[in-house]
Amino acid sequence: MLDFINPYYLQIGSFILINILLAVSVYVPLSSGQLSLGSAGFMGIGAYTSALLTINFDLPIFLGVLAGACLAGILGIIVGLPSLRLTGVYLAIATLGLGEVIRVIFVNWESLTRGSIGLTGVPQIGRELLNLVRGFGFEPSMIGLKNNQFVFLLVFILLFLIVLATIWFVVRQQNSRVGRSFSSIQMDEKAAESMGINIMYFKVLSFAQGAFLAGLAGALFAHVMGYISPSDFSYHRAVEILIFTVFGGSEVIIGSVFGAIFLTLMPELLRFVSEYRYIIYGIMLVILMAVRPQGILDIHLLGRFKGIKRSKGGMR
Amino acid sequence: MLLEQLINGITLGSIYAIVALGFTLVFGVLGIINMAHGEIFMVGAFVGVMTTGVLGWPLWLAFAASIVVTSILGYLLERMTLRPLRGKKGVSHLAPLISTIGVSILLENLSHHIFGAGNKPFRTEFAEISIEIGQVTVYIVQIVIFAISIILMIGLSIWLSKTKAGKALRATAENLETASILGVDTKKIITLTVIIASAMGGIAGILVGMAFNSVSPQMGLAIGLKGLAIIILGGMGNVKGAMVGGLLLGLSETFLVAYGDSGYRDAIAFIMIILILLLRPQGIFGSKMAEGR
Amino acid sequence: MVLDIKNVSKNFGGIHALKNVSFSIKQGEIYGLIGPNGAGKTTMFNLITNIFEPSSGDIIFDSQTITGLKSHKITEKGICRTYQNIRLFSQMTALKNVMVGGHSRSSSGVFSSVFRTKKQREEEIQLNQKAEDLLELVGLLEHKDTLAENLAYGQQRRLEIARAMASNPKLLLLDEPAAGMNEKETDSLYDLIKMIQSKGITVLIIEHDMPLVMKLCDRITVLNFGEKLAEGTPTEIQNNEAVIEAYLGKEEEYESA
């Protein structure tokens, strides 16, 4: 019974959810016109901070994750302030460079990070949650689940709630004075400023929010995986995250969600041609950009869906 | 030995400069960053390994083969990934970035598939030959690399400033619309630019293979990222900046390895660009290709 | 005086865009700034809104020096502008454009926006209402959900005015609002600006459409090659020898060009 609660599927589901957080961490700065490739670096900061705090100081995971995300956010503010003078590709490369510098520090600060081997034995969220519910006298077998099924299920549900809360936050923020400021800066920075918008504040705000989200995702990643190493936060990761957002459609948040889901699943679906899957991935990106450079989902497409729903398939 | 390190640094730096020139030409004319440049360069290196190692061709023929292959790649890149995006409505500056990243993923994994993951040695008949000048040991390879880089840089500068095609390229870099009004066939110039940049990548690939005596599918990324850092350092689209930036990076890396912590070698490039972006965002040499030459 | 321009100069790399220009605008006036192309009119706007800082001189608004104040602070003080080459937020609806204009007169931050506090909800309703009122004023209410980029040229110009008005300016700067408008549109623009004046808002306008300027403005300053050539009422300006010469000289150039 309940065999459909398959740890393998739940694990993939959890990765998808973490990837959605990462995609949103690129989406938010992009919504104020800033292309950041620093997500992998901020993710690493979050992951290492939380892992080290929980391993070395027995901090509860919850606090570790919060600390990791906050530190990434603070770094985002520190980096965001001077980076504001940079636009477009300059900012992209500077943030990419920042990510590389962070990664190299992880590799070389061996006394703290154990170098390229990475950290093992990071406390896992699932076990912690299991212990917690057991504290209330609950056993997974009471609802007919095996322990590991239950653990993966809990992790998935927790991540799902976090993703939901994040999307709720971003969408609410978007439909408000803050969100309007972001998009006006994205569309015309000078005009936005002459409308009384403090562009410095809002640009740093969106950049730091992105950094915070990436740090949060990184910290969660550490406690879901149980081990981390610098190569988890490399250039490849930065590019992967960017592609989630751009592939899905960078104009709308649902694009990031879709991109993360689709592109996390795709390598799994392409397992039968696993040797060629990255080759196919590369070709797919080229074709997509040629055919639909704004990404799969955009405002017009969504508008059409809404229109169809409203008029029940009639006119649009 | 200070002098030896200086020679090592200049050798490394001149290779970096050639890689950076490939980036800078494309950026100068098209205003985009060709993320696939590193991988084109890697393919060039593999062509060198295959022709000299497996087929036993002489080095000059390997260069020729590499230039031919990377030029074709450059042409395909322009025709199939860059041109479809040009002048299309609603294309943001993200699109060519992603598109060329797609090509880089494709090429890296294709090479991985064909040549395997490991390092391939790059043997030249004079790899071990060195000459002693006083107490300084100089390898012939270093002299060859340096000479080829210098010839390439001088050749490019002359070509840009003296020939008709070179002038057309500069005009296009300055302003695409104006150039096309003045009768420059900008489509042809753009294609030519991407091909030249790629061919330079091919040459750089062989030079790196010779310098490090190893070639791998991942080298495109490692060197490509440094090339990116250099063009920021020297000023985007600036030919002189790419050369100076390349040398600067090569020297700093060599000296850090010799006298400091070698672990941070790969971070220098980025620490340098983060500093330069904060102090002088337009790079050491202005911002326009046409200005700083 | 609402605005006092005192001996303002601006050099760009040795070129004098403005040389020692002074004028003052009274409360409730419509004040014209005219002159041939390149005379430094838009530069003056850019100095008032501090897109550039003046090389020397002072700009005094509401008896406070605003020289060197950040652009967004100047908007908060009560100066807002439009642009010669329309700068709307093209991918936003007309309504949202105007709501962005109200940014400096609202205060909701991240927290109150996300949690939709009572104050935030009231503020949004007010902003929305105000934006709709302003769209009605400029005759664009029926297009409130149209993306700015899809509006006709004349509509975009009027939307820009509505957006600037949303910041409750005491002084409104209009940079060639009639450019590209036909006669009918220009007439309704005249009515609009008069209406704005009747709300007690002072207007500083750059315009090439001379009949409009002469009909609209209470007083005018003429700039030529960065220097003040003349100041006075429309009648005085029309009869000023130096002005006539500058304009006629220019016009010949236009024709030959």
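All figures in this text were calculated on a predicted structure; none of them were measured in a lab.

Q: An account of the interface of chain B and chain A is requested, with residue identities and associated values reported.
A: Contact residues are listed per partner, giving 41 residues for chain B and 40 residues for chain A. Counting each side, the surface lost to burial between chain B and chain A is near 3600 Å², with a carbon and sulfur contribution of 79%. The three residues of chain B that bury the most area against chain A are B:Leu94, B:Ile98 and B:His113, which together make up 15% of that side's buried surface. Viewed at the interface, chain A and chain B are joined by one residue pair in polar contact (both at pLDDT 80 or more). Elements with a minimum of two residues in the side of chain B that touches chain A: helix H3 (59-82), helix H4 (94-115), helix H9 (219-234) and helix H11 (265-279) of chain B. Among the elements that take part in the side of chain B that touches chain A, H4(B) stands out by supplying 14 residues, more than any other.

Q: Explain the domain arrangement of chain C to me, and be specific about the residues and the numbers.
A: Residue and element names in this part refer to chain C. We note that the domain assignment places domain 1 (3-78 + 169-256) and domain 2 (94-162) within chain C. Summed over both partners, the interface of domain 1 with domain 2 comes to about 1000 Å²; 69% of that surface belongs to carbon and sulfur atoms. Considering only the side of domain 1, the residues that lose the most area to domain 2 are Glu76, Met181 and Leu192, jointly responsible for 35% of the buried surface there. Where domain 1 touches domain 2, the interface holds zero salt bridges. Elements represented by at least two residues in the side of domain 1 that touches domain 2 include exactly helix H2 (71-77), strand E7 (171-175) and helix H7 (183-198). Among the elements that make up the side of domain 1 that touches domain 2, the one with the highest residue count is H7 (five residues). When its residues are assigned to classes, the side of domain 1 that touches domain 2 shows nine nonpolar, three polar and six charged.

Q: Provide a residue-level description of the sheet that holds strand E3 (residues 30-34) of chain C, including the pertinent values.
A: Residues and elements named next belong to chain C. One open sheet holds the six strands; their spatial order is E6-E7-E8-E3-E9-E10, and the pairing between them is mixed. The sheet terminates laterally at strand E6 (79-81) and strand E10 (227-232), the two strands that pair on one side only. For this sheet, the mean angle separating the axes of adjacent strands, direction not counted, is 20°. As defined by bridge partners, E3 adjoins strand E9 (residues 219-224) across four bridges and the pair is classed as parallel.

Q: Please give an account of the interface of chain A and chain C that cites residues and values.
A: Between chain A and chain C, the residue contacts involve 26 residues of the former and 33 residues of the latter. Summed over both sides, the interface of chain A with chain C buries roughly 2700 Å², with 62% coming from carbon and sulfur. If you sort the residues of chain A by the area they bury against chain C, A:Arg177, A:Arg180 and A:Met195 come out on top, with a joint share of 30%. In this structure, C:Arg87 and A:Asp188 form a salt bridge, with 2.8 Å as the shortest nitrogen-oxygen distance. Linking chain A with chain C are 12 residue pairs in polar contact (both at pLDDT 80 or more). The set of elements that each furnish at least two residues to the side of chain A that touches chain C consists of helix H7 (147-174), helix H8 (177-187), helix H9 (189-194) and helix H10 (199-225) of chain A. At seven residues, H8(A) tops the list of elements feeding residues into the side of chain A that touches chain C. For the side of chain A that touches chain C, a count of residues per class yields 10 nonpolar, 10 polar and six charged.

Parameters at a glance
- Residues numbered from 1 in each chain as written.
- Chains lettered and ligands numbered in written order.
- Predicted model: local features only at pLDDT ≥ 70, side-chain atom pairs only at ≥ 80, totals over all residues.
- Heavy atoms only, no water.
- Contact = heavy atoms within 4.5 Å.
- Buried area = accessible area lost by both parts, 1.4 Å probe.
- Polar contact = N/O pair within 3.5 Å; in protein donor to acceptor, adjacent residues only side chain to side chain.
- Helix = DSSP H or I, 4+ residues; strand = E, 2+ residues; numbered from the N terminus.
- Domains from an automatic or database assignment.
- Salt bridge = Lys/Arg side-chain N within 4 Å of Asp/Glu carboxyl O.
- Nonpolar A, V, L, I, M, F, W, Y, C, P; charged D, E, K, R; others polar.
- Pairing = 2+ DSSP bridges.
- Axes fitted to C-alpha atoms, helices over the stretch in contact; angles between N-to-C directions.

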